[in-house]
Amino acid sequence: MNSKGKYIGLNQRIPFDVMDSSIHYFLMNGIIDKGFVLQRMQEFTSGINRAAKATSYVVQILNRQIHLLKQLKTVLKETPYYSVRQDDRKAICLCLISLTYPITYDLLIALAQGFKVQNQINKMFITEKVMSIYGSNRTVDIAIDALIPMIIELQTIKRDKVSLYSLGDKLSVTNKFVSELVIYTDIKLSGSKTILIDDLVHKPWFSYFELPSVKPDQFNQLISKKDSAVGKGYLTI
């Protein structure tokens, strides 16, 4: 699906448990098993048609980001996936979903910008901001309705009451590879190609993450550090 020339592609919620277990299955077995994903999806989604549709989204994410999953598999070769902290795993899921369906990233950036000036945001604000990017039509509205419960489950926002949301607790990212993935996602989707290290705390995407383990000199998987004339240098993919 496209609107204003931008790809949407998503119209149904992806539960974290399904995404999380599907990543684990790939890391353990080295394959993307649609049957396994569907079986897990049916635990959370009523109706075979809805479950099959949601399954197709998970399979698409895994296929499109398989290069990242292979790198994660290499990084975790001595570490069971489920021993990785849940915040790190939620960050992985959020990044993979955003990289596959950039409307997720655009929605989160719009929210972060709104939260800079007010503590709570209503559904109308979210809809207007996203539709200003993707156009005003039913497809965008359906995508927003799918995304909001997903990003609530991933801790990025909280539902205070019907159609009213506030900023959630930040995901505390302690795994070095996941820290790189978070930064990589912002560089890739913002189209900036680079990011100043000094800007990490200021960019909207990082409103959702605590990166206590960020040590740019040690990054070597997805991004690399370059020196600059001022500040601490910059990161590039």
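Preceding block: the structure.
Owing to the predicted nature of the structure, the values given are computational and were not obtained by experimental measurement.

Undergrad: Quick one: what's the story with the packing of helix α6 (residues 103–115) against helix α8 (residues 138–153), residue by residue and with numbers?
TA: α8 packs onto α6 with a crossing angle of 70 degrees between their chain directions and a minimal axis gap of 11 Å. In terms of their interaxial angle, α6 and α8 are classed as roughly perpendicular. For the pair α6 and α8, the contacting residues are I103, T104, L107, L108 and L111 in the first and A143, I144, L147 and I151 in the second. Residues that form the contact of α6 with α8 fall into these classes: eight nonpolar, one polar and no charged.

Undergrad: Run through the packing of aromatic side chains, naming residues and quoting values.
TA: Enumeration according to the criterion identifies six aromatic pairs in this entry. Measuring from ring centre to ring centre gives 6.3 Å for Y7 and Y101, while their planes differ by 15 degrees; the resulting arrangement is stacked. Residue Y7 is found in strand β2 (residues 6–7), and its partner Y101 is found in the loop between α5 (86–100) and α6; the two are separated by 94 residues along the sequence. Exposure remark for Y7: the relative accessible area of 28% places this residue in the partly exposed category. Ring geometry for Y105 versus W205: centroids 5.3 Å apart, planes at 45 degrees, classification tilted. Pair noted here: Y105 is in helix α6 and W205 is in the loop between β7 (194–196) and β8 (209–210), with a separation of 100 residues, a long-range link. Among the aromatic side chains, those forming a connected cluster through ring pairs are Y7, Y57 and Y101. Between R89 and the ring centre of Y81, over which it is positioned, the NZ or CZ distance is 5.6 Å. The residue whose ring lies beneath K90 is F16, and the NZ or CZ to ring-centre distance is 5.7 Å.

Undergrad: I'd like a rundown of the sheet that holds β7, residues and numbers included.
TA: With antiparallel pairing, the three strands of this open sheet are ordered in space as β7-β10-β9. Sheet topology places β7 and β9 (224–226) at the edges, where each strand pairs with a single neighbour. The sheet shows a mean angle of 30 degrees between the axes of neighbouring strands, direction not considered. When β9 meets strand β10 (residues 234–236), the two strands line up antiparallel, connected through three bridges. By the bridge assignment for β10, S224 is matched with T236. In the packing of helix α9 (residues 176–190) onto the sheet, the strands contacted are β7 and β10, and the crossing angle to β7 comes to about 115 degrees.

Rules and cut-offs
- Residues numbered from 1 in each chain as written.
- Predicted model: local features only at pLDDT ≥ 70, side-chain atom pairs only at ≥ 80, totals over all residues.
- Heavy atoms only, no water.
- Axes fitted to C-alpha atoms, helices over the stretch in contact; angles between N-to-C directions.
- Helix = DSSP H or I, 4+ residues; strand = E, 2+ residues; numbered from the N terminus.
- Parallel < 35°, antiparallel > 145°, perpendicular 65-115°, else oblique.
- Contact = heavy atoms within 4.5 Å.
- Nonpolar A, V, L, I, M, F, W, Y, C, P; charged D, E, K, R; others polar.
- Phe/Tyr/Trp six-rings, centres within 6.5 Å; stacked < 30°, edge-to-face > 60°.
- Buried < 20%, exposed > 50% of the residue type's maximum accessible area, 1.4 Å probe, protein only.
- Lys NZ or Arg CZ within 6 Å of the ring centre and 35° of its normal.
- Pairing = 2+ DSSP bridges.

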